[in-house]
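These are the residues of each chain, in order.
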Amino acid sequence: MQNGIRIAVVDDHALFVRGLELLLPEVSGGRATVVASTGDAAYAASIVRNAVPDVVLVDLHMPAPGGRHAVAAVRAAAPRSRVLAMSGDDDPAVAVEALRAGAAGFLPKSSDASSVLQPLLAAIDGWAVLPAGLLDVLVDQGRTRVPQPTVDLAEQDRRLLGLIAAGASTGEIAGKLHVSDRTVKRLTASLLRKLRVSSRTEAAALAGSAGLL
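The paragraphs below set out a description of the structure included in this document. (Residues numbered from 1 in each chain as written. Predicted model: local features only at pLDDT ≥ 70, side-chain atom pairs only at ≥ 80, totals over all residues. Heavy atoms only, no water.)

Thoughts on helix H8 (residues 170-177)
Then, number 1: Of all the positions in H8, only Thr170, Ile173, Ala174 and Leu177 are classed as buried. Down the axis of H8, the buried side of the element spans an arc of 100 degrees, and every buried residue falls inside it.
Then, number 2: Contacts from the buried residues of H8 go to helix H7 (155-165) and helix H9 (181-195).
Then, number 3: Once H8 finishes, His178 follows within two positions and takes phi at roughly 60 degrees, a positive value. (Buried < 20%, exposed > 50% of the residue type's maximum accessible area, 1.4 Å probe, protein only. Helix = DSSP H or I, 4+ residues; strand = E, 2+ residues; numbered from the N terminus. Arc of directions from axis to C-beta. Contact = heavy atoms within 4.5 Å.)

Structure, rendered in structure tokens:
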């Protein structure tokens with residue numbers, strides 16, 4: 001994994017942004033740095049093109065055109081950047097909309113700065129970052145919208161899917177399966193193709209709704 005984590009912040013709360021600028025380098029030992037920020041959702045795409053961040057934090061509750069627009073704009077402008085949506089309330093519907101717009105995960109703005117580093121690392125590593133409550137909502141939605149899959153999963157695939165659904169990290173899965181991190185990523189990509197889903201979040205939701213575990 002890369003040594004430095006470049007972060008862009010799209011948030012109209014200046015004090016919150018300033019707090020991240022000061023605290024993230026401290027809690028990460030200098031690894032995580034805010035390299036760009038804007039309080040205007042309309043400029044989100046512009047700053048990510050210029051700053052080329054690894055992760056973009058987007059506040060969902062912003063003045064028009066709004067945080068959801070910013071998420072979609074960032075995804076279009078910088079497909080390789082991972083977008084994490086943020087919100088100060090606990091309404092799961094808002095977070096679900098952000099995921100549909102292309103966010104790779106969701107972080108409550110009530111999170112302490114010291115607890116943000118691990119989700120950032122997980123996002124860069126390709127994992128979806130979701131609070132347990134939001135995952136429950138996605139699973140419930142999957143029960144009504146996801147058809148029963150016909151794929152017959154091997155025992156290793158079922159074990160991998162169970163670890164993904166439990167929120168295990170790449171390193172944790174590698175340890176459980178006694179393989180390398182690279183092999184975990186290869187196996188995960190293969191599993192997603194078998195399940196005909198595009199993300200680990202969808203795979204976890206499918207696992208719960210279709211009785212694959």
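Regarding the packing of helix H2 (residues 44-51) against helix H3 (residues 67-77)
Then, number 1: Interaxial distance between H2 and H3 falls to 8 Å at its minimum, and their mutual angle equals 35 degrees. Between H2 and H3 lies a crossing of right-handed hand. In contact with Ala44, Ala45, Val48 and Arg49 of H2, H3 contributes Ala70, Ala73, Val74 and Ala77.
Then, number 2: Here the residues of the contact of H2 with H3 sort into seven nonpolar, no polar and one charged. (Axes fitted to C-alpha atoms, helices over the stretch in contact; angles between N-to-C directions. Left-handed = near helix turned anticlockwise from the far one by under 90°. Nonpolar A, V, L, I, M, F, W, Y, C, P; charged D, E, K, R; others polar.)

Let's talk about the packing of aromatic side chains
Then, number 1: Under the defined criterion, the tally for this structure stands at zero aromatic pairs.
Then, number 2: Cation over ring: Lys109 sits above Phe16, and NZ or CZ is 4.2 Å from the ring centre. (Phe/Tyr/Trp six-rings, centres within 6.5 Å; stacked < 30°, edge-to-face > 60°. Lys NZ or Arg CZ within 6 Å of the ring centre and 35° of its normal.)

Re the packing of H7 against H8
Then, number 1: Taken N-terminus to C-terminus, the directions of H7 and H8 make an angle of 150 degrees; their axes are 10 Å apart at the nearest point. In this structure, H7 meets H8 at a crossing whose hand is right-handed. Residues Arg159, Leu160, Leu163 and Ile164 of H7 lie in contact with H8, whose contacting residues are Ile173, Lys176 and Leu177.
Then, number 2: Taken together, the residues that form the contact of H7 with H8 break down as five nonpolar, no polar and two charged.

Focus: the pattern of salt bridges
Then, number 1: One pass over the full model with this rule turns up six salt bridges.
Then, number 2: Its salt-bridge partner being Asp59, residue Lys109 comes within 3.3 Å of it at the nearest N-O pair. With Lys109 in the loop between strand S5 (105-108) and helix H5 (117-124) and Asp59 in strand S3 (residues 55-59), this residue pair connects regions lying 50 residues apart in the sequence.
Then, number 3: Residue classification places Lys109 among the buried positions, given a relative accessible area of 18%.
Then, number 4: The shortest N-O distance in the salt bridge between Glu97 and Arg100 comes to 2.8 Å. Note that Glu97 and Arg100 are positioned in helix H4 (residues 92-101) at a spacing of three residues, about one turn of the helix. (Salt bridge = Lys/Arg side-chain N within 4 Å of Asp/Glu carboxyl O.)

Some words on unusual backbone geometry
Then, number 1: In this chain, Ala64 is followed by Pro65 through a cis amide linkage whose omega measures 10 degrees.
Then, number 2: Note that Pro65 resides in the loop between S3 and H3.
Then, number 3: A positive phi is found at Val52, a non-glycine position, where the angle reads about 50 degrees.
Then, number 4: A positive phi is found at His178, a non-glycine position, where the angle reads about 60 degrees.
Then, number 5: Looking at the secondary structure, you find His178 in the loop between H8 and H9.

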